[in-house]
Amino acid sequence: MWEDSRQSWQCTGAGFRMEEACSVTKVSDQEESLLALGVTRVVLDSRYRFRLKNYRALQAMVFAIEEINANPNILPNITIGFQIYDSCRIMQRSLEGTLWILAGQNESVPNFCCREKLQLMGIIGDAGSSGSIVMARVLGLYRLPQISYVSSSPILSDRNQFPSFFRTIPSDTFQSQGLAEILLHFGWTWVGLLAEDNDYGQLGATLLKKELEKVGACIAFSENIILSRADRNALHIIQVLQSSTANVIVVFCSDAGVSPLMEEMSKYKVTRKVLIASEGWSISTTLSIERFSNILTGTIGFATRSEEIPGFIEHLNRVHPSRYAPDIFAQKLWEEAFGCLWMDQKQVMNAWDNGSKVCTGKENLELLLSGYNDETNFRGPYNVYIAVYANAWALHSLISRIVSFLNGSQEDFLDLKPWQVPVSVCSKSCMPGFRKAAKEGEPVCCFLCFSCPPGEISNQTGSTECFKCPWDQWPNARQDECILKTIEFLSYDEPLGTCLTAICIFSSLIPLGILHLFVLYRNTPIVKANNRSLSYLLLLSLSLCFLSSLAFIGYPTAEKCLLRQAAFGIIFALCVSCILSKTIMVVIAFKVTKPNSDLKRWVGPKLSYLVICVCTLIQVLLCLSWLILSPPFSENNIHILPGKIIIECNEGSQIAFWCMLGYLGLLATNSFIVAFLARKLPDSFNEAKFITFSMLAFLSVWLSFIPAYLSTKGKYMVAMEIFAILSSSSALVSCIFIPKCYIILWRPHMNTKEYLMGKTTGHIKKDM
């Protein structure tokens, strides 16, 4: 029979289907129950015995749902369905069942609902306060209504912690006041206190102590009934009772916790003690056990209200395994109520041999003398009954308002949220991302909604103010959440950085290739002309110019920021100084050929190196002063581009930066002027023409760079400077050295002393 114990029990109808998970089958002393409007499974272990009282509560829910579905005045054209989950008074199972209900399947999938065409509108349960607290913390996140029919813990009244929890039983706050008044009425001011070690017992005992202090009563002793122990710590409690002079004992406990205590009190004949019972065990069947009569005589207790449920007794008596086929509890009810067993034909033959009674299905529940159909005690079933009706009437009221008050259609209930009742406001609440602003001359309930200013957010509905995000965050598109700003710098990994890196490395190889060519042809006239050593130095410096661009790519570390502009300025100063020296030497070489020239003593490499050293040294001193007095540094710039953190190098002193560039411009301008004046020298010294073009291109690039550099921001500003470095370096290589390489490789007849001295024929000159 138990192989198929994991089944679902549900009721469906046309137009709407809502499933209700509930378990009111208290199948062992350690079990409690859970009712829920939702989807889950019924789980019942064979090691637990069946309890008739809790099955009545389950049937109260079934009876209430059948009444509601048959009543045309409540939820017309809508059928309520249900499913059952047994929490077994174990908090882990209460939480597991809650997650199953929310997920819509027998696996817990947080934040996902796998239910199809079913609208979950509420949960009924758990019975015990501890289980209800665990459930309410989860269900409160979803604002899903939860109604308990037994949980009386006062902590559940806290709307901040449990915003969607309700119950059909008073809080223990009122019970504690009532117990204190009873003690005061009889003049009992010296009392003992026993409480089970869970939320129900401990919180109830705490409230009772406060109430007793108010009326002047004293606590003789306070002991815990330990539920995790099989004997409930009964022997220790008996010793305390025997040694105490207090004759009145308040027992804040459930019936499952009090039975072992009664056994020990009976065994050790602890009598002449008046027991005050909380509602958890005041109507327990333990009170009717004859051997406890001498202990429990005179016991006073509280009980929840009991009301008649018309037609419920008839409903209980109609229960039959054949009528409720999906109900796995019906056969167990039969076995418990009539002391028989359901068996197949083979098992029946064996049962006759061992004297077992076989269930026939013809037994009559109306003739059953037990608590199952006792119409004088409907306390538990009544609380379940009104809990189901409370949920149904709330849903009915909500749907009615949608249809009539809000001009909606009945199908709109499929989009209902369990926490919704109708809206009546002057102005709709401002959504996150907006702020409220009062309307002039209007009540405070009437207002306007304005979007938050750029850079600010509001993350709550109805915010009156917007606030700025932290420095490293930025509002999202809806301005209702701060998100991390994008970090930006010219990285090697991005396409722009990768492309520029490849160009820098490739370009740096071109001057080295030309240098190699010049070394191979070092004895030819075109290489020897105008100081070949100077040409070698210029080619090396041009290769370094290309490579200096790499210092501007990648994460701007402090070391990189400190050195990159200085390295760029010094290398370019060396390069332009070489060109200036070349230009000066061209002019001097021409002037020396004239008779009586005073420049003969300057002819030679010493003048070239002196010009280079002096011009470069000035740039070195300028850069050293910059690095010492106001050095560049790495910084996170959050002001340039909204929503981005630009990691960049702050140049420290802008004056020093522009002085460094200005000095390069001064060197280039001098080279251009000298080369321009020497452009009409004889053909043997026509290098001045190429220097003129190279300096013209160099100055054009850097003059164009200034406005472009000032107008760009972030990584594109760095890319602009790299582009200027590459362009100006390429102009120098192209204008000065490419024509010479062309003659060396493809016009060797022009690479002669006669040609350079202008002694060749006319048609050869035309080839030039």
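My aim in this report is to walk through the structure given alongside it, one point at a time. Residue positions are counted from 1 within each chain, in the order its sequence is given. Per-residue local features are limited, in this predicted model, to residues with pLDDT of at least 70; the limit for side-chain atom pairs, both in listing and counting, is 80 or more; totals at the level of whole chains, interfaces and linings are taken over all residues. Processing note: side-chain calculations cover all non-hydrogen atoms of the structure and skip hydrogens and water entirely.

Focus: the overall build of the protein chain
Going by this rule: In DSSP terms, a helix is any run of H or I states spanning at least four residues, a strand is any run of E spanning at least two, and both are numbered starting from the N terminus. For every residue, the accessible area obtained with a 1.4 Å probe (protein chains only) is divided by the maximum for its type, and the residue is called buried under 20%, exposed over 50%, and partly exposed between those limits. Contacts: residue pairs with any heavy atoms within 4.5 Å of one another. The Shrake-Rupley method, run with a 1.4 Å probe, gives the accessible areas here. Residue values count only the displayed protein chains as cover.
Helices and strands together make up the secondary structure of the protein chain, namely 22 helices and 19 strands. Each of the 768 residues in the protein chain was classed as buried or not, and the buried ones make up 48%. For the protein chain, restricting intrachain contacts to residue pairs at least 6 apart in sequence, the fraction spanning at least 24 positions comes to 67%. Entry remark: accessible area of the protein chain is about 37,700 Å², with carbon and sulfur atoms responsible for 59%.

Examining the pairing of strand β19 (residues 644–650)
The condition that has to hold: Two strands make a pair as long as DSSP finds a minimum of two bridges between them.
Within β19, five of the seven residues are buried, which leaves the element mostly enclosed by the surrounding structure. Sheet topology places strand β17 (residues 486–488) next to β19; three bridges connect them, and they run parallel. Directly across from isoleucine 487, in β19, lies its bridge partner isoleucine 645. As paired strands, strand β18 (residues 633–637) and β19 are joined by five bridges and run antiparallel to one another.

Overview of unusual backbone geometry
Here the amide bond leading from glycine 125 into aspartate 126 is cis, since omega sits at -5 degrees, within 30 degrees of zero. Residue position: aspartate 126 is located in the loop between β3 (123–124) and α3 (129–142). Positive phi, close to 55 degrees, is recorded for arginine 143, a residue that is not glycine. Relative to the helices and strands, arginine 143 resides in the loop between α3 and β4 (146–148). Relative accessible area serves as the criterion here: at 42%, arginine 143 is assigned to the partly exposed category. Within the chain, asparagine 233 stands out as a residue other than glycine whose phi angle is a positive 60 degrees. Position of asparagine 233 among the secondary structure elements: in the loop between β7 (218–225) and α6 (234–243).

What to know about the side chain of aspartate 172
Using the following cut-off: His is not counted here, nor are the chain ends, while Lys and Arg score as positive and Asp and Glu score as negative. What counts as a salt bridge is simple: a side-chain nitrogen of Lys or Arg found within 4 Å of a carboxyl oxygen of Asp or Glu.
Its place among the elements puts aspartate 172 in helix α4 (residues 172–186). Despite its burial, aspartate 172 pairs with no opposite charge; the closest candidate is arginine 167, at 6.9 Å N-O. Setting aside anything within four residues of it in sequence, one finds aspartate 172 in contact with Ser152, Ser153, Pro154, Tyr200, Leu207, Phe252 and Glu279.

Quick word on the pattern of salt bridges
On inspection of all chains with the given rule, the structure shows eight salt bridges. Among the salt bridges present, the one from glutamate 211 reaches lysine 214, with a minimum N-O distance of 3.6 Å. Residue glutamate 211 and its partner lysine 214 are located together in helix α5 (residues 199–215), separated by three residues, close to a single helical turn. Residue classification places glutamate 211 among the buried positions, given a relative accessible area of 15%. Across the salt bridge formed by arginine 291 and glutamate 263, the nearest N and O atoms sit 2.5 Å from each other. Of this pair, arginine 291 sits in the loop between β9 (274–277) and α8 (293–296) while glutamate 263 sits in helix α7 (residues 255–267), and the two are 28 residues apart along the sequence.

Quick notes on the sheet that holds β7
Filter applied, for reference: Angles here are taken between N-to-C directions and fall from 0 to 180 degrees, while the axes themselves are lines fitted to C-alpha atoms, restricted in helices to the stretch in contact.
The strand order across the open sheet formed by five strands is β7-β6-β8-β9-β10, and the pairing between neighbours is parallel. Two strands close off the open sheet at either side, each with one partner strand: β7 and β10 (300–301). Pairing of strand β6 (residues 190–196) with strand β8 (residues 248–252), which is carried by five bridges, proceeds in the parallel orientation. Each bridged residue has a counterpart across the sheet, and for valine 191 the counterpart in β8 is valine 248. α4 contacts β6, β8, β9 and β10 of the sheet and is inclined by roughly 170 degrees relative to β8. Each of β6, β7 and β8 is contacted by α6, which is oriented at about 165 degrees to β7, the strand it contacts most.

As for α6
Condition: Arc definition: directions from the helix axis to the C-beta atoms.
For α6, every residue scored as buried is listed here: Ala234, Ile237, Ile238, Val240 and Leu241. Here the buried residues of α6 occupy an arc of 165 degrees about the axis, which is enough to place them on one side. Elements that come into contact with the buried residues of α6 comprise β6, β7, β8 and α7.

Points about the packing of aromatic side chains
Keep this limit in mind: In this scheme Phe, Tyr and Trp rings, the latter by its six-membered ring, pair at centre separations within 6.5 Å, and the angle between planes marks the pair as stacked below 30 degrees, edge-to-face above 60, and tilted otherwise. Comment: the charge-over-ring label is applied if NZ (Lys) or CZ (Arg) is within 6 Å of the ring centre and within 35 degrees of the ring normal.
The final tally for this structure, using the stated rule, is 23 aromatic pairs. Between the aromatic rings of phenylalanine 552 and phenylalanine 568, the centroid separation amounts to 6.5 Å while the plane-to-plane angle is 80 degrees, which identifies the pairing as edge-to-face. Separated by 16 residues along the polypeptide, phenylalanine 552 in the loop between α15 (532–548) and α16 (558–592) and phenylalanine 568 in helix α16 bring together distant segments of the chain. Residue classification places phenylalanine 568 among the buried residues on the basis of a relative accessible area of 0%. Its guanidinium or amino end placed over the ring of phenylalanine 166, arginine 159 lies 4.9 Å from that ring's centre, counting from NZ or CZ. If you follow lysine 436 out to its NZ or CZ, it ends over the ring of phenylalanine 447, 4.7 Å from the centre.

Quick word on a nonpolar patch on the surface
Threshold: Every patch collects residues that have over 30% relative accessible area and no salt bridge, joining them within 9 Å if they carry like charges and within 5 Å if they are nonpolar side chains (Val, Leu, Ile, Met, Phe, Trp, Tyr).
Together, Leu520, Tyr521, Tyr742, Leu745 and Trp746 make up an exposed nonpolar region whose accessible area comes to about 540 Å². Take leucine 745: it is sitting in helix α20 (residues 715–746). For leucine 745, a relative accessible area of 42% gives the class partly exposed.

What to know about the packing of helix α13 (residues 495–520) against α15
To keep it simple, the criterion reads: Roughly parallel means an angle under 35 degrees; roughly antiparallel, over 145; roughly perpendicular, 65 to 115; everything else is oblique. Here the nonpolar group is Ala, Val, Leu, Ile, Met, Phe, Trp, Tyr, Cys and Pro; Asp, Glu, Lys and Arg are the charged ones; every other residue, Gly included, is treated as polar.
Remark: α13 packs on α15, axes separated minimally by 7 Å, with the N-to-C direction vectors making an angle of 170 degrees. In terms of axis orientation, α13 runs roughly antiparallel to α15. Taking contact as the criterion, the partners of Cys504, Ser507, Ser508, Pro511, Leu512, Ile514, Leu515, Phe518 and Val519 in α13 are, on α15, Ser535, Tyr536, Leu539, Leu540, Leu542, Ser543, Phe546 and Leu547. Looking at side-chain class alone, the contact of α13 with α15 contains 13 nonpolar, four polar and no charged residues.

Points about the sheet that holds β19
Spatial strand order, β17-β19-β18: three strands in an open sheet with mixed pairing. Pairing within the sheet leaves two strands with one partner each, and these edge strands are β17 and β18. The sheet shows a mean angle of 25 degrees between the axes of neighbouring strands, direction not considered.

Examining the environment of leucine 212
Within the secondary structure, leucine 212 sits in helix α5. Between the C-alpha atom of leucine 212 and that of leucine 184, which follows or precedes it by 28 residues, the distance is 8.6 Å. For leucine 212, the residues in contact, after removing those within four places along its chain, are Ala180, Leu183, Val191, Ala217 and Ile219.

Structural notes on helix α18 (residues 654–677)
What counts is decided by this rule: Between the first and last residue of a helix there are one fewer steps than residues, each counted as 1.5 Å, and that sum is the expected span.
In this model α18 runs 34 Å from its N-terminal to its C-terminal C-alpha over 24 residues, within 8% of the 34 Å that 1.5 Å per residue would give. Those residues of α18 that sit buried are Ala656, Phe657, Met660, Leu661, Tyr663, Leu664, Leu667, Ala668, Ser671 and Ala675.

Quick word on the pairing of β9
In terms of strand pairing, β8 meets β9 through four bridges, oriented parallel. Paired with valine 251 across the strands is alanine 277, a residue of β9. Sheet topology note: the β9/β10 ladder contains two bridges and is parallel. The partner of isoleucine 276 across the bridge, within β10, is isoleucine 300.

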